[in-house]
Structure formats: structure tokens, C-alpha cells
Amino acid sequence: MDGLRQRFEHFLEQRNLATEALRALEAKTGVDKRYLATGAATLLSLYLLFGFGASLLCNVIGFVYPAYASIKAIESPSKEDDTVWLTYWVVYGLFGLAEFFSDLLLSWFPFYYAGKCAFLLFCMVPGPWNGAHMLYHRAIRPLFLKHHEAVDSVVRDLGGRALDVAVGITRDVMQTLARGRALVTPAAALGAQPSVTQPQKDK
């Protein structure tokens, strides 16, 4: 319990969008930021459990702040934060793919969106307990190193076939257009010929 409390207080001491907002509220209200953070987390949990639009709120939490942090990472000279947020987006993408096939079933379970939001927050929390970092190095990376050559081969094969299909379609379209132009051009030429006026006889 003490370890969790220490990680919570360490998070509050970091400088990011959430902690800056908490500091501003603390300065205006005089309420300790730890109580503000606890109250905000409690309200968020209750809304995810019973509120309307929990799915939208959960997706906003999992996307908006990471997108903001990713832009800051791109603009910063350090590459470590780039790796952190690239890892998050890999996990987020795979999670979204898995959720696409299971959402119709899992969304009916109680506390589904609260659990989903907690998972996404776990994946973006800074420090050694970062969930995305743990999942990537314990599950995703070993699978990638084991199968990436086969996947690359399949992707190259599919890319070559797609290119061949695109070239064939383009060739057929050009040939069809050329034949249509060849049929239209003689008729247009005949229609464009000037009519011969018969000379009028003197009465």
C-alpha cells in the first residue's frame, strides 16, 4: 500500500498536463492536490460505472492525452520519450484490434469501461510501472522477433500482387479509353466536315 502511495505522490510531483491542472486548482481553491486528484479519480470511476457516454469518455482518455504527449515528444530533442509513446501506440493499436472483435460481448459486462480506462491509464503511467512498456517487452516483442521475418515475407508478397493487379487494371482502363477514342474520333471528324453548297442557277 505504501508503494502505491509513493508512486501516486511521485506522479503528482511530475510536470505534465494533468499535474499542472491540479497545481492550478490547488492554488485557486487551497485544497491539497492529492485530495483533488483522489476526488477526480473517484468521480471519473463513478461516471465510467454509471454515466452516459462512458465509451466516448474512455476513448478520449486513451487518445487525447497520449496524442498531446506524443506531439511534445516529437518536438523535444530527447528520443527516450519518443520510444515511450511509440510503445504506447503499439499496445493501444493491438488492444483496439482485439477490442473490435470482442467489444459486442465484453461491453455487456459490468464495469467494462472502468476496467478499460484503468488499463489505458496503466499503459500510459510514467516510470518503471508503465504498462505499455511491460506488455511490449514481455509479450509483443518476443512474438515480433519470432515471427517478423514471416510477416515481412507475406507483406512483400501481398505488396507485389497488389502492384501487379493495379498495373493490370490501369492497362485495361487505358486500352478501353483508347478504343473508345478510336470509335469516337472518325464520327466526330465526319460531323465536322463543311457541307458543300450547291450553286444557285440564275433565273
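No experiment lies behind these values; they were computed from the predicted model shown.

A. Seen up close, the nonpolar core. Ranked by size, the top nonpolar core spans 13 residues in total, and within it Trp-85, Tyr-88, Val-91, Cys-123 and Ala-132 carry the most contacts. Of all the secondary structure elements, the ones that give two or more residues to this core are α4 (54–75), α5 (80–106), α6 (112–124) and α7 (131–192). Setting aside residues no more than four positions away along its own chain, Ala-132 makes contact with Thr-87, Tyr-88, Val-91, Phe-122 and Cys-123.

B. Focus on a nonpolar patch on the surface. There is a patch of nonpolar side chains on the surface, built from Val-90, Leu-94, Leu-97, Phe-100 and Phe-101 and spanning about 560 Å² of accessible area. Here Leu-94 is to be found in helix α5. Given the relative accessible area of 43%, Leu-94 is considered partly exposed.

C. Looking closely at the packing of aromatic side chains. Evaluated as defined, the whole model comprises 8 aromatic pairs. Plain terms: the ring middles of Trp-89 and Tyr-92 are 5.4 Å apart, the flat faces sit at 85° to each other, and that makes the pair edge-to-face. Separated by 3 residues within a single helix, Trp-89 and Tyr-92 lie in helix α5, roughly one turn from each other. Taking the relative accessible area as the measure of exposure, Tyr-92 reaches 23% and is therefore partly exposed. Ring plane angle 35° and centroid distance 4.9 Å describe the contact between Phe-95 and Phe-119, whose orientation is recorded as tilted. Here Phe-119 lies in helix α6 and Phe-95 lies in helix α5, a separation of 24 residues in the sequence. Of the residues examined, Phe-95 reaches a relative accessible area of 23% and is grouped as partly exposed. The class of Phe-119 is partly exposed, set by a relative accessible area of 24%. Every member of this aromatic cluster is reached through a ring pair, and the members are Phe-63, Tyr-65, Trp-85, Tyr-88, Trp-89 and Tyr-92.

Basis of the calculations
Per chain, residues are indexed from 1 in the order of the written sequence. With the structure being a predicted model, the display of local features is reserved for residues of pLDDT at least 70 and the display and counting of side-chain atom pairs for 80 or more, all residues being used for whole-chain, interface and lining totals. Side-chain metrics rest on all non-hydrogen atoms present in the structure, leaving aside hydrogens and water. Definition used in this section: a nonpolar core is a set of buried Ala, Val, Leu, Ile, Met, Phe, Trp, Tyr and Cys residues joined via side-chain atoms within 4.5 Å. To sort residues, take the accessible area from a 1.4 Å probe on protein chains only and compare it with the maximum for the residue type: under 20% means buried, over 50% means exposed, and anything in between is partly exposed. Counting from the N terminus, the helices are DSSP H or I runs at least four residues long and the strands are E runs at least two residues long. Only heavy atoms matter for contacts: two residues are in contact if any of them lie within 4.5 Å across the pair. Patch rule: a residue counts if its relative accessible area is over 30% and it has no salt bridge; like charges are joined within 9 Å, and nonpolar side chains (Val, Leu, Ile, Met, Phe, Trp, Tyr) within 5 Å. Residue-level accessible areas treat just the shown protein chains as cover; the underlying method is Shrake-Rupley with a 1.4 Å probe. We define a salt bridge as a contact between a side-chain nitrogen of Lys or Arg and a carboxyl oxygen of Asp or Glu at a distance within 4 Å. A pair of aromatic rings is counted whenever rings of Phe, Tyr or Trp (Trp by its six-membered ring) have centres within 6.5 Å, and the orientation is called stacked for planes under 30 degrees apart, edge-to-face for over 60 and tilted otherwise.

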